[in-house]
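# Coordinates in review
The primary structure of each chain is shown beneath.
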Amino acid sequence: MALIVQKYGGTSVGDVDRIKNVARRVIHTKNQDHEVVVVVSAMAGETDKLIRLAHQVTPSPDEREMDVLVSTGEQVSVALLAMALKDMGAEAKSYLGFQIKIGTDSAFGKARITGIESEKMLHDLRSGRIVVVAGFQGIDELDNITTLGRGGSDTTAVAIAAALKADSCEIYTDVDGVYTTDPNLCSKARKLSKISYDEMLEMASLGSKVLQIRSVEFAKKYDVPIHVRSSFNDNLGTIVCKEDEEMEKVVVSGVTYNKNEAKIEVMRLPDTPGVAAKLFKPVADANIVVDMIIQTSSTEKGCADVAFTVPKSDFNKALQIVRETSKELGTKEVKSNEDIAKVSIVGVGMRSHSNVATQMFSALAKEGINIQMISTSEIKISCIIDSKYTELAVRALHDAFELDKPTVAEEK
Ligand code: ADP
Ligand code: ASP
Ligand code: MG
């Protein structure tokens, strides 16, 4: 007997027939003499609908109330799934985050899980019940409802798997695994049989939304291998796990893109110690995460230009803050651009290869795509480009690194 955590995403519970399909799959697992905890997302489109509703009431909804609102999507799906399971003769019980208790900090809209109580779930499992848990939500120390950020049900599932020391954690979605790039954008995308936590972390951070970043952080921290697979077929999916020797031989494993960032440029800042700290401190104080930063010497002597990117959702707030700080620092020229995209290549094998960046830049140049900013880490290279070239860039990079071809290990 194994303890299995299964998570079903929005598309997988998108309508009543699909909920029944999930119920059948869950019962199939249970009947193989396993204990099953099921984590579900809101039905496809519901969270977006709730967010739109809030914005019809006010342009800047209160963050606490927003979490009370958006967490309701998952309340609908856990109840419907538990009903379907019972209708099919299984014993099941649904829980919201606060009932379990999934404890979080108080960062509304992007709360972090701080602890999970396992007693109730274990009691139900040992009594033969299927436990159905609402993804994406928790409760803070003051009993406020919180949510974990978009795509947060993945994190609920992995965190529960870690807390219960589950034997496996399966993330069921609308594609049958992690691909070399978004299969909905590039028809040549190839399914990976496995990928390391670190590569998956980079891919998730760089825009591949198949898993939420924090779910991969959790998985790595507690060494919970994740099996990403489809809820519509029985194909084996992709295992996200610890790095092994075979993975190191692959220079580039995937290409990602992200259109959710915007660029802010501050021109002619005094090129003296302390200026960067003064510029970025108020941005950080406002809880805005800055991604890429580039400083270049300005056309004006003794000055520097600084460009950086922030999430589009924080763009207006960041721009306002930067305009105010820039005035204090003696410069008024602040430029911005929301039509940018970040394309990246990821691979642990990059560590031991020197010409990967050149290959990437040449592939983009061949398509006439200008690179506005570059950033690198040990296992990734990212370029900011004009957003209208995103699809072209992704396909060009996928071709340049021959990602449609199986790796040596996969061919064996
Ligand atoms: P769910 O609702 O099940 O959580 P998501 O929409 O959050 O599903 O994530 C699945 C989607 O992730 C896929 O439909 C696909 O378009 C997208 N995606 C982006 N990059 C990748 C990738 N490298 N491999 C697989 N899917 C990807
Ligand atoms: N329903 C939430 C969202 O749409 C959480 C999730 O789907 O994982 O972001
Ligand atoms: Mg998701």
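Refer to the preceding data block for the structure.
The structure contained in this document is the topic of the report that follows. What you see is a predicted model; the values in this text were computed from it and never measured. Residue indices begin from 1 for each chain and proceed along its sequence in written order. In the order they appear in the text, chains get letters beginning with A and ligands get numbers beginning with 1. Two thresholds apply to this predicted model, a pLDDT of at least 70 for residue-level local features and 80 or more for giving and counting side-chain atom pairs, whereas whole-chain, interface and lining totals are computed over all residues. Hydrogens are left out, water is left out, and the side-chain values use all remaining heavy atoms of the structure.

A separate point is the site of ligand 1. What makes a residue near a molecule or strand is one non-hydrogen atom of that residue sitting within 4 Å of it. Not every one of the 17 residues close to ligand 1 is listed here, only the nearest: Thr 173, Asp 174, Tyr 179, Asp 182 and Asn 184. Whenever two N or O atoms come within 3.5 Å, that pair is a polar contact, provided that in protein one can donate a hydrogen and the other can accept it, and provided that, for residues adjacent in sequence, both atoms are side-chain atoms. At 2.7 Å from an oxygen atom of ligand 1 is found a side-chain nitrogen or oxygen belonging to Thr 173. Asp 182 places a side-chain nitrogen or oxygen 2.8 Å from an oxygen atom of ligand 1. For the accessible areas, the method is Shrake-Rupley and the probe is 1.4 Å, while residue cover comes only from the protein chains on display. When ligand 1 is considered free in solution it has 570 Å² of accessible area, and contact with the protein chains removes 89% of it. Residue type decides the class: Asp, Glu, Lys and Arg count as charged, Ala, Val, Leu, Ile, Met, Phe, Trp, Tyr, Cys and Pro as nonpolar, and the leftover types, Gly among them, as polar. Residues belonging to the shell around ligand 1 are distributed by class as follows: six nonpolar, seven polar and four charged.

Here we come to the sheet that holds strand 19 (residues 373-377). Should DSSP find at least two bridges between two strands, the strands are regarded as paired. Note on conventions: DSSP H or I runs of at least 4 residues are helices, E runs of at least 2 residues are strands, and numbering of each starts at the N terminus. Strand order in the open sheet formed by four strands is 13-18-20-19, and the pairing between neighbours is antiparallel. Among the strands making up the open sheet, the edge pair consists of strand 13 (254-258) and strand 19. Neighbour-to-neighbour, the strand axes of this sheet turn through a mean angle of 20°, independent of strand direction. Across five bridges, the pairing between strand 19 and strand 20 (residues 380-386) is antiparallel. In the strand pairing of strand 20, Met 373 is matched with Ile 384. Helix-sheet contacts for helix 8 (residues 197-205) involve strand 13, strand 18 (340-346), strand 19 and strand 20, and the interaxial angle to strand 18 is about 170°. Should any heavy atoms of two residues lie within 4.5 Å, those residues are counted as being in contact. Here the axes come from fitting lines to C-alpha atoms, over the contacting stretch only for helices, and the angles between their N-to-C directions go from 0 to 180 degrees. Strands strand 18, strand 19 and strand 20 of the sheet are contacted by helix 13 (residues 356-366), whose axis makes an angle of about 20° with strand 20.

Another point: the side chain of Asp 124. Within the secondary structure, Asp 124 sits in helix 6 (residues 119-126). For the exposure calls, accessible area comes from a 1.4 Å probe over protein chains only, and a residue counts as buried if that area is under 20% of its type's maximum, exposed if over 50%, partly exposed in between. The class of Asp 124 is buried, set by a relative accessible area of 2%. Once residues lying within four places of it in the same chain are set aside, the contact partners of Asp 124 are Lys 93, Tyr 95, Arg 129 and Val 131.

This part covers the sheet that holds strand 14 (residues 261-270). Spatially, 15-16-14-17 is the arrangement adopted by the four strands of the open sheet, whose pairing is antiparallel. With one partner strand each, in any of the chains shown, strand 15 (293-297) and strand 17 (334-337) form the two edges of the open sheet. The average undirected angle you get between the axes of adjacent strands in this sheet is 15°. Pairing of strand 15 with strand 16 (residues 303-311) involves five bridges; the strand directions are antiparallel. Considered in strand 16, the bridge of Ser 297 is made with Ala 304. Contacts from helix 11 (residues 275-285) reach strand 14, strand 15 and strand 16, with the element oriented near 145° to strand 14. Contacts between helix 12 (residues 315-328) and the sheet are confined to strand 14, strand 16 and strand 17, with strand 14 contributing the most and set at about 5° to the helix.

With that out of the way, let us pick up the packing of helix 3 (residues 63-70) against helix 4 (residues 72-87). For the pair helix 3 and helix 4, the least separation of the axes is 4 Å and the interaxial angle reads 20°. It follows that helix 3 is roughly parallel to helix 4 by the angle criterion. Where helix 3 abuts helix 4, its residues Val 68, Leu 69 and Val 70 lie against Thr 72, Gly 73 and Glu 74. Among the residues forming the contact of helix 3 with helix 4, the class breakdown is three nonpolar, two polar and one charged. An angle counts as roughly parallel when it lies under 35 degrees, as roughly antiparallel when it exceeds 145, as roughly perpendicular when it falls between 65 and 115, and as oblique in every other case.

Glancing now at unusual backbone geometry. A cis amide bond links Ile 100 to the next residue, Lys 101, at an omega of 25°. Tracing the backbone shows Lys 101 in the loop between helix 5 (97-100) and strand 4 (102-104). Even without a glycine there, the phi angle at Asp 33 is positive, about 70°. Tracing the backbone shows Asp 33 in the loop between helix 1 (16-31) and strand 2 (35-40). Even without being a glycine, Phe 136 presents a positive backbone phi close to 75°. In this fold, Phe 136 is placed in the loop between strand 6 (130-134) and strand 7 (137-139). Classification of Phe 136 by relative accessible area gives buried; the value is 5%.

This paragraph deals with helix 14 (residues 390-400). Residues of helix 14 that are buried include every one of Thr 390, Ala 393, Val 394, Ala 396, Leu 397 and His 398, and no others. Its buried side turned inward, helix 14 meets strand 13, strand 18, helix 13 and strand 20. Looking at the residues trailing helix 14, positive phi occurs at Glu 402, about 50°.

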